[in-house]
Amino acid sequence: MALVLHSNVNKNVRKTLIVAEYSGIQVEIAPNFQMGVSNKTPEFLKMNPIGKIPVLETPDGSVFESNAIARYVTRLKADNPLYGSSSIEYGQIEQWIEFATLEIDANILAWLRPRMGFALYLPPAEEAAIANLKRALGALSTHLASNTFLVGHAVTLADIILTCNLYLGFSHVMTKSFTSEFPHVERYFWTMVNQPNFSKILGEVKQADSVVPIQSIKKTPQPKEAKLSKPKDEPKKEAPKVQPKAKEEAVEEEEAPKPKAKNPLDLLPPSPMVLDDWKRLYSNTKSNFREVAIKGFWDMYDPEGYSLWFCDYKYNDENMVSFVTMNKVGGFLQRMDLTRKYAFGKMLVIGAEPPFKVKGLWLFRGPEIPKFVLEECYDMELYEWTKVDISDPAQKERVSQMIEDQEPFEGEPLLDAKCFK
Ligand SMILES: N[C@@H](CCC(=O)N[C@@H](CS)C(=O)NCC(=O)O)C(=O)O
């Protein structure tokens with residue numbers, strides 16, 4: 001029996017496929033593997049009790065954990081140069097494999113997984129992941145300044161594992177403006193992915209133009225939602241050696257059906273204020289904003305049917321990187337999508353230099369912040385919320401200034417102003 005990888009093709013599987021190319025070893029991908037179904041069967045769980053991919057099935061038993069699989073396949077070839085040519089080289093290859101896993105991959109995943117909706121997105125956690133990744137890339141860049149390969153003078157298993165991990169980062173979050181700080185890592189990465197045995201498996205590699213946007217969190221489906229496996233008598237398809245790249249192969253986890261949002265706000269007594277009319281006025285006013293849009297807002301505003309809220313980011317001290325701060329506000333607005341029909345918002349990033357302040361103004365349907373927003377948009381708890389008292393002229397004026405992106409705002413320049421409409 002050949003070696004069979006039970007998995008979709010993701011960067012973890014590509015490690016072993018590249019090893020196989022270098023080593024002249026035949027490894028197949030299990031035909032008809034279906035994520036979320038094939039990895040939950042009793043047969044699969046016998047091979048890997050945690051039910052994660054990949055698993056390698058061999059005539060002698062199975063191996064799970066992608067690094068262990070790559071090491072196993074490397075060792076199948078006697079004196080494989082991928083493991084170096086001396087004990088110290090072997091030790092250093094293992095050292096860089098650990099580094100690639102714990103310092104590079106772990107931080108790329110901590111940055112990427114929440115953005116892909118597979119973990120809770122918490123801006124301070126993202127900032128920590130980016131800082132840790134930068135520290136690791138700085139160290140790597142120093143090493144690569146005087147080394148073409150991680151160890152010795154040829155590709156080793158450490159280069160394969162590190163490159164596959166970097167491939168995930170370069171494809172989704174590590175844009176050119178991010179990586180240009182680490183020129184030796186850039187040179188190394190592009191050299192590696194253009195080696196024939198890498199490019200056979202990775203294909204044409206493209207660096208992300210922008211950091212992958214934040215998606216709402218995906219829930220793992222219950223087993224009963226999993227589709228039934230195909231009937232036994234269906235003819236087996238020939239497994240391609242490398243399956244085509246999935247658009248988002250980054251973190252292949254089960255897709256969940258999107259929960260249908262109920263709108264309790266539709267049951268509120270009708271309001272004379274039509275939110276869409278206000279949004280249209282806001283968007284279409286190109287000049288005399290104060291006289292037209294702001295005046296129009298206060299003419300339309302219905303304090304019975306709507307409420308206004310100031311929000312203040314609780315962790316402004318951590319807003320040290322401008323693009324990270326702007327991204328986190330962007331993510332917040334994306335996750336507020338569920339309230340599009342019932343809200344309007346302005347978010348300001350304030351200050352000429354770090355730490356930047358994030359403050360906002362929100363108009364919500366109803367007298368309170370809608371419960372489903374508090375429950376479903378976890379960014380809400382990252383802000384201090386204060387209901388606007390429109391009988392106070394100072395507060396009313398602050399609302400107008402926020403809608404208008406007035407600059408300076410409270411004595412400081414605006415780094416960014418985003419509108420939710
Ligand atoms: N450390 C493991 C990671 C395995 C892993 O996280 N696999 C993900 C796909 S990339 C998975 O199977 N997720 C499904 C699940 O968590 O049930 C390895 O390198 O093999």
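Residues numbered from 1 in each chain as written. Predicted model: local features only at pLDDT ≥ 70, side-chain atom pairs only at ≥ 80, totals over all residues. Heavy atoms only, no water.

Draft legend 1. How the structure looks around the overall build of the protein. Across its full length, the protein holds 14 helices and 9 strands. When the 421 residues of the protein are sorted by exposure, 49% land in the buried category. Contacts in the protein between residues far apart in sequence, at least 24 positions, make up 75% of those at least 6 positions apart. (Helix = DSSP H or I, 4+ residues; strand = E, 2+ residues; numbered from the N terminus. Buried < 20%, exposed > 50% of the residue type's maximum accessible area, 1.4 Å probe, protein only. Contact = heavy atoms within 4.5 Å.)

Draft legend 2. Representation of a nonpolar patch on the surface within the structure. There is a patch of nonpolar side chains on the surface, built from Leu120, Leu122 and Ile217 and spanning about 220 Å² of accessible area. Tracing the backbone through its elements, the reader meets Leu122 in the loop between helix 4 (87-115) and helix 5 (123-144). Relative accessible area serves as the criterion here: at 31%, Leu122 is assigned to the partly exposed category. (Patch = residues over 30% accessible without salt bridge, like charges linked within 9 Å, V, L, I, M, F, W, Y side chains within 5 Å. Areas by Shrake-Rupley, 256 points an atom, 1.4 Å probe, with all protein chains shown as cover. Salt bridge = Lys/Arg side-chain N within 4 Å of Asp/Glu carboxyl O.)

Draft legend 3. How the structure looks around the sheet that holds strand 2 (residues 27-29). The 4 strands are arranged 2-1-3-4 in an open sheet whose pairing can be described as mixed. Each of the sheet's edge strands pairs with one partner strand only, and the pair in question is strand 2 and strand 4 (61-64). Between one strand axis and the next, the sheet turns by 25° as a mean value, whatever way the strands run. The sheet contact formed by strand 3 (residues 55-58) and strand 4 spans 4 bridges and is antiparallel. Bridged to Glu57 within strand 4 is Ser62. Strand contacts of helix 1 (residues 11-23): strand 1 (3-6) and strand 2, with the helix running at about 145° to strand 2, the strand carrying the most contacts. Against the sheet, helix 3 (residues 66-75) contacts strand 1, strand 2, strand 3 and strand 4, and its axis sits at roughly 130° relative to strand 4. (Pairing = 2+ DSSP bridges. Axes fitted to C-alpha atoms, helices over the stretch in contact; angles between N-to-C directions.)

Draft legend 4. Geometry of helix 3. With 7 of 10 residues buried, helix 3 is to be regarded as a mostly interior element. Along helix 3, the residues that are buried comprise Ser66, Asn67, Ile69, Ala70, Arg71, Val73 and Thr74.

Draft legend 5. The arrangement of the site of the ligand in detail. Taken together, 11 residues sit near the ligand, with Lys40, Lys52, Ile53, Glu65 and Ser66 positioned nearest. Measuring from a nitrogen atom of the ligand, one finds a side-chain N or O atom of Glu65 at 2.7 Å. Of the residues contributing to the shell around the ligand, the split by class is 3 nonpolar, 3 polar and 5 charged. (Near = heavy atom within 4 Å. Polar contact = N/O pair within 3.5 Å; in protein donor to acceptor, adjacent residues only side chain to side chain. Nonpolar A, V, L, I, M, F, W, Y, C, P; charged D, E, K, R; others polar.)

Draft legend 6. Structural context of the pattern of salt bridges. For the structure on display, the rule yields 21 salt bridges. The salt bridge involving Glu368 is made with Lys387; its shortest N-O contact spans 4.0 Å. Pair noted here: Glu368 is in the loop between strand 7 (357-365) and helix 13 (371-376) and Lys387 is in strand 8 (residues 383-387), with a separation of 19 residues, a long-range link. Of the charged contacts in the structure, one is a salt bridge between Arg398 and Glu410, with a shortest N-O distance of 2.6 Å. Placement of Arg398 in helix 14 (residues 393-404) and of Glu410 in the loop between helix 14 and strand 9 (414-420) is noted, with a sequence separation of 12 residues between them. Salt bridges here are not isolated pairs; linked through shared partners, they connect Arg71, Glu94 and Glu98.

Draft legend 7. Focus on the confidence of the model for the protein. Per-residue confidence for the protein gives a mean pLDDT of 90; residues scoring 70 or more make up 89%. In this model, residues 221-240 is a region of pLDDT below 50 whose contacts with residues beyond four sequence positions or in other chains number 14 contacts. In this model, residues 254-259 is a region of pLDDT below 50 whose contacts with residues beyond four sequence positions or in other chains number 11 contacts. (pLDDT = per-residue confidence, 0-100.)

Draft legend 8. Fine view of the packing of aromatic side chains. According to the stated counting rule, one finds 26 aromatic pairs in the structure shown. Pairing Tyr282 with Phe344 gives two aromatic rings, centres 5.2 Å apart and planes at 65°, and the pair type is edge-to-face. In this pair, Tyr282 sits in helix 10 (residues 275-284) while Phe344 sits in strand 6 (residues 343-350), placing the two residues 62 residues apart along the sequence. Per residue, the accessibility class of Tyr282 equals that of Phe344, and both read buried. The interplanar angle of 25° and the centroid separation of 5.7 Å between the aromatic rings of Phe297 and Tyr301 together place this pair among those described as stacked. Both residues of the pair, Phe297 and Tyr301, belong to the buried class. (Phe/Tyr/Trp six-rings, centres within 6.5 Å; stacked < 30°, edge-to-face > 60°.)

Draft legend 9. Structural view of the nonpolar core. If you look at the biggest cluster of nonpolar residues, it comprises 66 residues, and the most contacted ones within it are Ile104, Leu137, Leu140, Leu166 and Met174. Take this core: its biggest share by element is 10 residues, from helix 6 (residues 157-172). If sequence neighbours within four positions are ignored, Leu166 has contacts with Ile104, Ile108, Leu137, Met174, Val185, Tyr188 and Phe189. Val329, Phe332, Phe364 and Leu382 belong to the second largest nonpolar core, which has 25 residues in total. (Core = buried A, V, L, I, M, F, W, Y, C linked by side-chain atoms within 4.5 Å.)

Draft legend 10. Inspection of unusual backbone geometry at higher detail. Put simply, Pro354 and Pro355 share a cis peptide bond, and its omega is -5°. Residue placement: Pro355 occurs in the loop between strand 6 and strand 7. Residues Glu407 and Pro408 are joined by a peptide bond in cis, for which omega reads -5°. Structurally, Pro408 is set in the loop between helix 14 and strand 9. The phi dihedral of Asp405 is positive, around 55°, even though this residue is not glycine.

Draft legend 11. How the structure looks around the sheet that holds strand 8. Within the open sheet, the 5 strands sit side by side as 8-5-7-6-9. Their pairing is antiparallel. Across the chains shown, the open sheet's two edge strands, defined by having one partner strand only, are strand 8 and strand 9. Each strand axis lies, on average, 15° off the axis of its neighbour in the sheet, ignoring direction. Alignment of strand 6 against strand 7, held across 8 bridges, turns out to be antiparallel. Bridged to Ile350 within strand 7 is Lys357. Against the sheet, helix 14 contacts strand 5 (306-313), strand 6, strand 7 and strand 8, and its axis sits at roughly 100° relative to strand 7.

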